[in-house]
Structure formats: structure tokens, C-alpha cells
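Tertiary structure, described
Now for the letters of each chain:
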Amino acid sequence: MPDISKYPAKVENPTENFIEIFATPHTAGKNKDGWLVDTAKDFNNANIKVNGKTVSVKIRGIESGMEWII
């Protein structure tokens with residue numbers, strides 16, 4: 001298993017209740033490749049609640065193929 005500290009989060013989770021998504025640089029990159037990052041930020045800013053608790057998303061950029069190992 002790869003050392004997760006080598007892959008910093010692209011979007012941090014602002015809540016205790018979150019899911020973490022591992023994504024390639026093609027979806028967690030910048031500009032046109034950053035659609036997943038942009039979507040996660042929008043989701044986190046929407047303050048969505050599930051069962052009365054605010055939930056969020058954390059995105060971690062990781063090299064292609066490595067996300068299947070974690």
C-alpha cells in the first residue's frame with residue numbers, strides 16, 4: 001500500500017462526517033481537469049445535511065492505478 005502522506009488532499013473535509021475520494025490528476029487537477037475538485041468544493045459549501053448532520057467530501061489526488069491499491 002502506498003504512503004498516503006505523499007498524496008495531499010486537494011479538497012479538505014470541513015466536517016466530521018465525510019467521504020474521501022481518491023482521484024487521478026485528470027479529475028482532481030487544475031482548470032479544466034479540476035471538475036471533481038470544483039464539484040467537491042461546491043458540495044462542501046452547500047452544507048448538505050444527512051440525518052441532521054452536515055456532511056462533506058474530501059478529495060485526494062493520487063497517481064493513476066494507485067487508487068486501486070488503497
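Preceding block: the structure.
Every value quoted in this text rests on a predicted model; they were computed, and no experiment measured them.

**Some thoughts on the pattern of salt bridges**
Tallied over the entire structure, the rule returns two salt bridges. Across the pair Glu-12 and Lys-58 runs a salt bridge, and its minimum N-O distance is 3.8 Å. Placement of Glu-12 in the loop between strand S1 (9–11) and strand S2 (17–23) and of Lys-58 in strand S4 (residues 53–61) is noted, with a sequence separation of 46 residues between them. Salt-bridge contacts for Arg-60 lead to Glu-20; the nearest nitrogen and oxygen are separated by 2.6 Å. Placement of Arg-60 in strand S4 and of Glu-20 in strand S2 is noted, with a sequence separation of 40 residues between them. Under the relative-accessibility criterion, Glu-20 is labelled partly exposed at 30%.

**Observations regarding the nonpolar core**
Residues Val-11, Ala-23, Ala-28, Leu-36, Val-37, Ala-40, Val-57 and Ile-59 constitute the largest nonpolar core, which totals eight residues. Put simply, the parts of the chain that give this core at least two residues each are helix H1 (35–45) and S4. No other element matches H1, which puts three residues into this core. Ignoring any residue separated from it by four or fewer positions in sequence, one finds Ile-59 in contact with Ala-9, Lys-10, Val-11, Ile-21, Ala-28, Leu-36 and Ala-40.

**Here's the deal with the environment of Ile-48**
When you line up the elements, Ile-48 lands in the loop between H1 and strand S3 (49–50). By relative accessible area, which is 35% here, Ile-48 ends up partly exposed. Discounting residues that sit within four places of it in the chain, Ile-48 has contacts with Phe-43, Lys-53, Thr-54 and Val-55.

**Section: the pairing of S4**
Within S4, seven of the nine residues are buried, which leaves the element mostly enclosed by the surrounding structure. Of the strand pairs in this sheet, S1 and S4 are connected by two bridges, and their pairing is antiparallel. Looking at the pairing, Val-11 lines up with Ile-59 of S4. Summarising the sheet, S2 and S4 pair through seven bridges and their orientation is parallel. Opposite Glu-20, over in S4, you have Lys-58 as the bridge partner. Here S3 runs beside S4; their pairing, made up of two bridges, is antiparallel. Residue Val-50 lies in a different strand from S4, and its bridge partner there is Lys-53. Between the antiparallel neighbours S3 and S4 lie two residues, among them Asn-51 with a positive phi of about 50°.

What counts and what doesn't
- Residues numbered from 1 in each chain as written.
- Predicted model: local features only at pLDDT ≥ 70, side-chain atom pairs only at ≥ 80, totals over all residues.
- Heavy atoms only, no water.
- Salt bridge = Lys/Arg side-chain N within 4 Å of Asp/Glu carboxyl O.
- Helix = DSSP H or I, 4+ residues; strand = E, 2+ residues; numbered from the N terminus.
- Buried < 20%, exposed > 50% of the residue type's maximum accessible area, 1.4 Å probe, protein only.
- Core = buried A, V, L, I, M, F, W, Y, C linked by side-chain atoms within 4.5 Å.
- Contact = heavy atoms within 4.5 Å.
- Pairing = 2+ DSSP bridges.

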